[in-house]
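If you want the building blocks of each chain, they are given just below.
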Amino acid sequence: MPVQSFHAALTLTSGWPYPSGHAARRSLIIKIHRSWGTLFRRSPKEPGWSELVETIAMSEWTLYRILLAAYFVLAAAAFAAIRFIPVPYGRHNRRGWGRQVKAYLGWLLMESPSFFVFAFFFLLEAGSVGKVEVIFLILWEVHYVQRSFVYPFLIRNRQTRMPLVIVLLAMTFTTWNSYLNSRYLFHFSGGYSSEWLTDLRFLLGVMLFVSGLAINWHSDRILRRLRQPGERTYQIPRGGFFRYVSCANYFGETIEWAGWALATWSLPGLGFAIWTVANLGPRARSHHLWYRRHFPDYPKNRKAFIPFLI
Ligand code: NDP
């Protein structure tokens, strides 16, 4: 049950008692056997294998909790850092960040770990996951197929570059983030029951995710159409959610991951939503100030990030 798992995940500082209850714990141990067995092509009946699996599983759970706790702490640190030092790519790119790589290649490298890591941990548990988890897989992969393998090739200026160090940092984040989310959903959650399909949190969360995705794609399309192939100039974006905010694509992305947090009702899901705000909120502010500095006729009532608010 997701609620139970959410509660269990909240006991970040406690020991192994996860999930609570003998039957639930037993079923998790069986899942762990299957999962590690698939990975190493070993049968749980082989001598010593059971003990080894339990040790590895306990170490993984400990590691998982450390990574999850660090994820929340670093989100706050990232927010503070990005507020004062805009991440140097796009219009905020500047000298002093070392070697630069083509932006489209950077996007492909930065985002594709999200696709592969999530798929890997799904395949590891493919024999035992239910319908709800398959829906989460579809939502995640639709987003990341577009972001990793379509979006980079739609960028109008193929000569635009970004610092390699940003690509490497982002790759670390996407690997970490997709491990936390996929491992929880397909493994540590203990499985979502089919009743979750009619739970208001799931329904509202999926609706938000799909709406956010549509706003994000539509807004990125509006931005793309402001340039001819090869062009590097900036114009005032208009239409869609740009009527209300300078960074409608970031607004859509934030709605998406807020929906994800609600639908999965999980700590890693919540962490991803917080990270998205920590990353895109301060960047939206920097974009907004940049527009105001560069366009004297910039719409006065347009907000930076969240319509009518910020
Ligand atoms: P931007 O809005 O800064 O840029 C998107 C594209 O549009 C770039 O190619 C940019 O060119 C171009 N562009 C932007 N504004 C204008 C304008 N006024 N006139 C002409 N062209 C313009 O978004 P990002 O590059 O930061 O992000 C791209 C996508 O990735 C977004 O959908 C975003 O939501 C998502 N993202 C998600 C993150 C997360 O934490 N989940 C983190 C970062 C991004 P140029 O590069 O030359 O400025």
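Scroll up to find the structure this text is about.
Residues numbered from 1 in each chain as written. Predicted model: local features only at pLDDT ≥ 70, side-chain atom pairs only at ≥ 80, totals over all residues.

Undergrad: I keep staring at the overall build of the protein chain and nothing clicks. Help me out?
TA: Looking only at helices and strands, the protein chain features nine helices and two strands. When the helices and strands of the protein chain are read in sequence order from the N terminus, they spell out α-α-α-β-α-α-β-α-α-α-α. Partitioning the intrachain contacts of the protein chain with sequence separation of at least 6 by distance along the chain shows that 79% fall at a separation of at least 24. (Helix = DSSP H or I, 4+ residues; strand = E, 2+ residues; numbered from the N terminus. Contact = placed C-beta atoms within 7 Å.)

Undergrad: What am I meant to see in the environment of Leu 74 here?
TA: Positionally, Leu 74 belongs in helix 3 (residues 49-84). Residue classification places Leu 74 among the partly exposed residues on the basis of 16 C-beta atoms within 10 Å. Placed 201 residues apart in sequence, Leu 74 and Trp 275 show a C-alpha to C-alpha distance of 8.6 Å. (Buried ≥ 20, exposed ≤ 12 C-beta atoms within 10 Å, placed from the backbone.)

Undergrad: Got a minute to help me understand the environment of Arg 34 in this structure?
TA: Here Arg 34 shows up in helix 2 (residues 22-40). In this structure Arg 34 comes out as partly exposed when scored by C-beta crowding, with 16 C-beta atoms within 10 Å. Spatially, the C-alpha atom of Arg 34 lies 7.6 Å from that of Glu 125, the residues being 91 residues apart in sequence. Once you skip the residues sitting within four places of it in the chain, Arg 34 turns out to touch Gly 127 and Ser 128.

Undergrad: Looking at this structure, I do not really get the site of the ligand. What am I missing?
TA: Around the ligand sit 18 residues, and of these Gly 90, Leu 223, Leu 226, Tyr 234 and Glu 253 come closest. Among the elements of the structure, helix 7 (200-224), helix 8 (248-264) and helix 9 (267-294) are those that each provide at least two residues to the shell around the ligand. (Near = placed C-beta within 6 Å.)

Undergrad: Where do I start with the packing of helix 3 against helix 9 in this structure?
TA: Each pair of packed helices gets described by two things: the angle between the helix axes and the distance between those axes. Orientation of helix 3 relative to helix 9, taken along the N-to-C sense of each, is 10°, at an axis distance of 8 Å. Between helix 3 and helix 9, the angle falls in the class roughly parallel. Together, Leu 68, Tyr 71, Phe 72, Ala 75, Ala 78, Phe 79, Ile 82 and Arg 83 of helix 3 and Leu 267, Pro 268, Gly 271, Ile 274, Trp 275, Ala 278, Asn 279, Pro 282 and Arg 283 of helix 9 make up the contact between the two elements. Across the contact of helix 3 with helix 9, the residue classes break down as 13 nonpolar, two polar and two charged. (Axes fitted to C-alpha atoms, helices over the stretch in contact; angles between N-to-C directions. Parallel < 35°, antiparallel > 145°, perpendicular 65-115°, else oblique. Nonpolar A, V, L, I, M, F, W, Y, C, P; charged D, E, K, R; others polar.)

Undergrad: Mind showing me how you'd approach the environment of Arg 156 here?
TA: Among the secondary structure elements, Arg 156 is positioned in the loop between helix 5 (131-154) and strand 2 (161-163). Given 15 C-beta atoms within a 10 Å radius, Arg 156 is considered partly exposed. For the pair Arg 156 and Gln 228, spaced 72 residues apart in the sequence, the C-alpha separation amounts to 6.7 Å. Apart from the residues lying within four places of it in its own chain, the contact partners of Arg 156 are Arg 224, Arg 227, Gln 228, Pro 229, Gly 230 and Glu 231.

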